[in-house]
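Architecture at a glance
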Amino acid sequence: TERCEMEEDRAKPQILMENIFENYDLERELLQTTPYELVIIEPSEAALLASLSARAVAIINVLIPITAATVAKIPPSVKIITKLGTGFDRIDVKA
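An account of the accompanying structure is given in this report.

Calculation notes
Throughout this description, residue numbers start from 1 for each chain and increase along the sequence as written. Residues qualify for local features only when their pLDDT is at least 70, as the model is predicted, and side-chain atom pairs are given and counted only at 80 or more; totals for whole chains, interfaces and linings, by contrast, use all residues. To get the side-chain values, all heavy atoms of the structure are used, and hydrogens and water are removed first. The secondary structure listing takes helices from DSSP runs of H or I that are at least 4 residues long and strands from runs of E that are at least 2 residues long, numbered from the N terminus. Relative accessible area decides the class of each residue, using a 1.4 Å probe on protein chains only: under 20% of the type maximum gives buried, over 50% gives exposed, and in between gives partly exposed. Should any heavy atoms of two residues lie within 4.5 Å, those residues are considered in contact. Note on areas: these come from Shrake-Rupley sampling with a 1.4 Å probe, and a residue is covered only by the protein chains present in the view. Residues belong to one nonpolar core when they are buried, are Ala, Val, Leu, Ile, Met, Phe, Trp, Tyr or Cys, and are joined through side-chain atoms within 4.5 Å. Any two strands with at least two DSSP-identified bridges between them are counted as paired. With axes taken as lines fitted to C-alpha atoms, and helix axes fitted only over the stretch in contact, angles between N-to-C directions fall between 0 and 180 degrees. For this analysis, a salt bridge means a side-chain nitrogen from Lys or Arg found within 4 Å of a carboxyl oxygen belonging to Asp or Glu. The crossover handedness rule: strands pointing away from the viewer, path from first strand over the helix to second strand clockwise, crossover right-handed.

In terms of helices and strands, the protein carries 4 helices and 4 strands. Tracing the protein from N to C terminus, the helices and strands come up as α-β-α-β-α-β-α-β. Per-residue burial over the protein gives 28% buried out of 95 residues. In the protein, the proportion of contacts linking residues at least 24 apart, taken out of those at least 6 apart, comes to 44%. Accessible surface computed for the protein: about 6,400 Å², of which carbon and sulfur atoms make up 56%.

Below you can see the structure in the form of structure tokens.
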């Protein structure tokens, strides 16, 4: 049963979020009843691109500049890129 749960967790769609807070207990708790897995990544473009897979469905952005070149490397499974906070200064909206 434990192995089945582990395999099921690996199959969950992923929401990627930058590691800028002390903990993510609230976010994980909110996602517990959903089919999504929260993946915490270091706040760098390299970490973002290395973490992307066909299971990634959303990116919650804070510090990473999301340029047109970055967007071109994001798989089509990602349906939303959102900025946590105010403004669009880190996201190339035209891309």
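Read on for the rest.
Before going further, it helps to examine the nonpolar core. Among soluble globular proteins, nonpolar side chains are generally buried collectively. Residues Leu16, Val39, Ile41, Leu48, Leu52, Ala56, Ile59, Ile64, Ile66, Ile74, Val78 and Ile91 constitute the largest nonpolar core, which totals 12 residues. Mapped onto this core, the elements with two or more residues apiece are β2 (37-41) and β3 (56-61). Leaving out residues up to four positions away in the same chain, valine 78 has contacts with Leu52, Ala56, Val57, Ala58 and Ile59. Among the nonpolar cores identified, the runner-up in size contains 6 residues, and Ile15, Met17, Leu38 and Ala58 belong to it.

Let us look at the sheet that holds β2. Sheet architecture is open: 4 strands sit in the order β2-β1-β3-β4, paired in parallel fashion. Either end of the sheet is taken by a strand with one partner, and the two such strands are β2 and β4 (80-83). Looking at each pair of strands side by side, their axes are set apart by 20° on average, direction ignored. Bridge count for strand β1 (residues 14-18) against β3 is 4 bridges, and the pairing is parallel. Within β3, the residue paired with glutamine 14 across the bridge is alanine 56.

In the structure shown here, the tally under the stated rule is 1 salt bridge. Salt-bridge contacts for arginine 55 lead to glutamate 37; the nearest nitrogen and oxygen are separated by 2.7 Å. Of this pair, arginine 55 sits in the loop between α3 (45-51) and β3 while glutamate 37 is found in strand β2, placing the two residues 18 residues apart along the sequence. For arginine 55, a relative accessible area of 25% translates into the label partly exposed.

As a further point, take the pairing of β2. Pairing geometry for β1 and β2, over 5 bridges, is parallel. In the strand pairing of β2, glutamate 18 is matched with isoleucine 41. In terms of handedness, the path from β1 via helix α2 (residues 25-31) over to β2 forms a crossover that is right-handed.

Here we come to the side chain of glutamine 14. Following the sequence through the fold, glutamine 14 ends up in strand β1. Aside from chain neighbours lying at most four places away, what touches glutamine 14 is Glu37, Val39, Ser51, Ser53, Arg55, Ala56, Val57 and Ala58.

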